[in-house]
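Reading the structure
Each chain is listed here by its residues.
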Amino acid sequence: MFTRRQSKLLEILLNNVQGVTGTKLAEYLEVSSRTIRSEIGEINRAWADGNIIQSSRRRGYYIEETDLAAVRSYFLSAGHDKGEEEVADRGWMILGMVLEAGRADIFDIGNVLALSQPAVYKEISRFQKKLLSEYQCELLRMSGDRIWIENDETKIRQTLFRIIKNETQNRTRHYVWFLKTFLQKDFDQKEYEWIVKLVKEYFDSRCIQISDDNLYMIVSAVYITMVRGLQNHKVATYVETEPGKEEVQQLFRFLEEQGFVFDQGDRQVLEGLLHGFRLASNMSAENEIDSLSILILEDFCHDVMEKYHFDLWQSQSFYDNILNHIEYMMRRMGTGYEAKNPILNEIKKQYPYAYEISMLMVPIVYRYKNCYIQDDEISFIAIFVEHFLENVNKKLEAVIISSTRFSVNSIVSNWIQTNFQNQIEIVDIMPKHSLEQYLQEHSVDLVISIMDTFVHPTVATFRVDGIPTAYTLAAMNALVYKIRVNYRFREIIKEHFNKKTIRIYKEKVDFVQLIEDLSEALKEGDYIYDVNEFVNDVLQREVNYPTSIGDWFMIPHPLVTFAKKTAIGAAILKKPLLVQGKEIQLVFLLAMERKQNEQIGVLFEFFRHMALDRSAIGRLAAVETEEEFVEVLIQISNSLEIL
């Protein structure tokens, strides 16, 4: 039988039938190339039918297609679980021998492990250091020929959960080994398999997608709780807390219906672990996102936009997915069960730019939680960012107005590729006289001119004078940022201004009637719950806290009434409305959800700038159609510095 490292090596080759180089295997297993050669030699000598691992200069190490079935059978066999234990496993075995009674004799441990007494002392000392460095606990104490467990039951269970969670990632069959090791004679394979089947059916019946690792981790935690309770190890430090999330309570109710018995202490310790798992279906309203997670993501999106000029808001699906991850990341941080990423080093090597962007999350989380997130969690964020850069990010399409010198064109093109490969795509290089015809047939975000005097009147233009310098780089970054901001604001306007909630009044209108009209339009769009409640709250606010900005513009909104969905009703008054001595020509009625919405903050900043610009108000007051109103609003936003 094989050691864990040898089994992992076989598993890697089984999943990479094209072959893997020795260098890659060494990096993944964090050993030297010499060790890889030695391990492969041991595997080939031990394999019953001769050499199972082949090698070639072209493919590296690989398993022949005709032998793949035999290797798969090995991983499904019972013998796979009974393989020779590595030296590193001795610590877990010692812990298992101490757990049931809470103490053990050094001599007895030596007999079981076939080690001398000095060797046992050395193993225990090494294992104590591992627990302290990796799990921040001093679970085992040793004095003379005795070893015992120091902590209370709460700490013991939490540590066991964390050990199994970290040591079994992507190795679902190893859950059984750890449970056998920690529970000794009280582990029952059939009973464990029954609980696995039970919990799996629970998730399947509720259309909850859960990974294999999470399924087996949950079952392992439930099983440890059950067995430790039967062994009369009770959680004595129960503290009254608020009930956990509803999806966690539903799982408890299901288990109790099947005959499981949990006291309050059992539930509290288990809740700490389960709180970090996604136990609700995608369709379920129970899968609530905490407002802090939204705030953290909004800050992250803002910082990424400001520093790297990538608009993470541009994809709703991307935003929702990373928000869900942040929610559970924050839960794990709060309960101490942070995730380990087995490919952390690979992510740093393969996606260094995405990892660097993800580092912006560190000061944000520290600002709100006064603690640092682990490197593993940052690497998970980096995977989302890398996906965004490769599949979601919309590069600005640019054309270069060419110089007569080919070398200059080449220098500028290479400079763009080197410094803006994730932000700008050069779609064509052409002489100046061809540009207008090209723009009639193609949409372009940016014109890059190598000619000294050329500036396009409607498309953003960047002039490169000579060989690009550090100043050129800073100036291009600033322009990319401005274009991104303008595009983003354009999308915000399109999202929150619906032509069905825009009213153009050519005759005089009463202020109360105007608010009622716009509120009815918001209700018809299913943005608000109740028209009368909404209107009354808006009017009451105006009495105490007027919302006029400048002399011609106001943004009325309720003081305490929240909306189903954020939206804006707009009124254009051809004949100004006199409100508190001001001739109002433009009214934006705001309906806002009860949640953090960074976009509303951006809109308020835009409103403030626009209210001070009489010409902007005049342009909007002159529109004749709802569609024209939105277009003019976008044009105005392009000319204002709103962020």
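Note: the structure precedes this text.
These notes cover the structure that comes with them. Everything numeric here is computed off the predicted structure, so don't read it as measured data. (Residues numbered from 1 in each chain as written. Predicted model: local features only at pLDDT ≥ 70, side-chain atom pairs only at ≥ 80, totals over all residues. Heavy atoms only, no water.)

What follows concerns the pairing of strand β6 (residues 396-401). Burial within β6 is extensive, with 5 of its 6 residues counted as buried. Here β6 runs beside strand β7 (residues 424-430); their pairing, made up of 6 bridges, is parallel. In the strand pairing of β7, glutamate 397 is matched with glutamate 425. Both β6 and strand β8 (residues 446-449) contribute to a ladder of 4 bridges, which runs parallel. Paired with isoleucine 400 across the strands is isoleucine 448, a residue of β8. (Buried < 20%, exposed > 50% of the residue type's maximum accessible area, 1.4 Å probe, protein only. Helix = DSSP H or I, 4+ residues; strand = E, 2+ residues; numbered from the N terminus. Pairing = 2+ DSSP bridges.)

The subject of this paragraph is the packing of helix α8 (residues 153-167) against helix α11 (residues 212-230). Two numbers describe how α8 lies on α11: the axes approach to 10 Å, and their chain directions differ by 150°. Looking at the two axes, α8 sits roughly antiparallel to α11. For the pair α8 and α11, the sense of crossing is right-handed. Note on element contacts: α11 touches α8 through Met217, Ser220, Ala221, Ile224, Thr225, Arg228 and Gly229, opposite Glu153, Ile156, Arg157, Leu160, Phe161, Ile164 and Lys165. Class assignment for the residues of the contact of α8 with α11 results in 7 nonpolar, 3 polar and 4 charged. (Axes fitted to C-alpha atoms, helices over the stretch in contact; angles between N-to-C directions. Parallel < 35°, antiparallel > 145°, perpendicular 65-115°, else oblique. Left-handed = near helix turned anticlockwise from the far one by under 90°. Contact = heavy atoms within 4.5 Å. Nonpolar A, V, L, I, M, F, W, Y, C, P; charged D, E, K, R; others polar.)

Read across the open sheet, the 3 strands follow the order β3-β5-β4; overall the sheet is antiparallel. Where the open sheet ends on each side, the last strands, each with one partner, are β3 (103-105) and β4 (140-143). Neighbour-to-neighbour, the strand axes of this sheet turn through a mean angle of 20°, independent of strand direction. In this sheet, strand β5 (residues 146-149) lies alongside β3 in antiparallel orientation, the contact comprising 3 bridges. Along β5, the bridge assignment pairs alanine 104 with isoleucine 147. Against the sheet, helix α5 (residues 90-99) touches β3, β4 and β5, its axis set at about 80° to β5. Sitting on the sheet, helix α7 (residues 117-135) touches β4 and β5, and the angle it makes with β4 is about 145°.

Below, the discussion takes up a nonpolar patch on the surface. A contiguous nonpolar patch, built from Tyr28, Ile343 and Ile383 and spanning about 220 Å² of accessible area, is present on the exposed surface. Examined against the element boundaries, isoleucine 383 turns out to sit in helix α19 (residues 375-392). Look at isoleucine 383 and you get partly exposed, because its relative accessible area is 36%. (Patch = residues over 30% accessible without salt bridge, like charges linked within 9 Å, V, L, I, M, F, W, Y side chains within 5 Å. Areas by Shrake-Rupley, 256 points an atom, 1.4 Å probe, with all protein chains shown as cover. Salt bridge = Lys/Arg side-chain N within 4 Å of Asp/Glu carboxyl O.)

Let us now look at unusual backbone geometry. Located in the positive-phi region is glutamine 136, a residue other than glycine, with phi close to 50°. Mapping glutamine 136 onto the fold places it in the loop between α7 and β4.

In this model helix α12 (residues 246-257) runs 16 Å from its N-terminal to its C-terminal C-alpha over 12 residues, within 8% of the 16 Å that 1.5 Å per residue would give. Two residues or fewer past α12, glycine 259 is found with a positive phi of approximately 105°. (Expected span 1.5 Å × (residues − 1).)

Let's shift gears to the environment of aspartate 152. Mapped onto the elements of the fold, aspartate 152 is located in the loop between β5 and α8. For the pair aspartate 152 and histidine 233, spaced 81 residues apart in sequence, the C-alpha separation works out to 9.3 Å. Within the local environment of aspartate 152, its side chain forms a polar contact with the backbone nitrogen of lysine 155, the two atoms lying 3.0 Å apart. (Polar contact = N/O pair within 3.5 Å; in protein donor to acceptor, adjacent residues only side chain to side chain.)

Attention shifts here to the packing of helix α14 (residues 291-308) against helix α15 (residues 316-335). Relative to each other, α14 and α15 sit at 125°, their axes nearing to 9 Å. If you check the angle between α14 and α15, you find them oblique. For the pair α14 and α15, the crossing hand works out as right-handed. Contacts between α14 and α15 involve Leu292, Ser293, Ile294, Ile296, Leu297, Glu298, Phe300 and Cys301 from the first element and Tyr319, Ile322, Leu323, Ile326, Glu327 and Met330 from the second. Split into classes, the residues belonging to the contact of α14 with α15 amount to 11 nonpolar, 1 polar and 2 charged.

This paragraph deals with the sheet that holds strand β13 (residues 567-579). The sheet built from 5 strands is open, its strands ordered β10-β13-β14-β12-β11 with mixed pairing. The sheet terminates laterally at β10 (497-505) and β11 (548-549), the two strands that pair on one side only. The sheet contact formed by strand β12 (residues 553-554) and strand β14 (residues 582-591) spans 2 bridges and is parallel. Residue pairing across strands places phenylalanine 553 opposite leucine 586, the latter belonging to β14.

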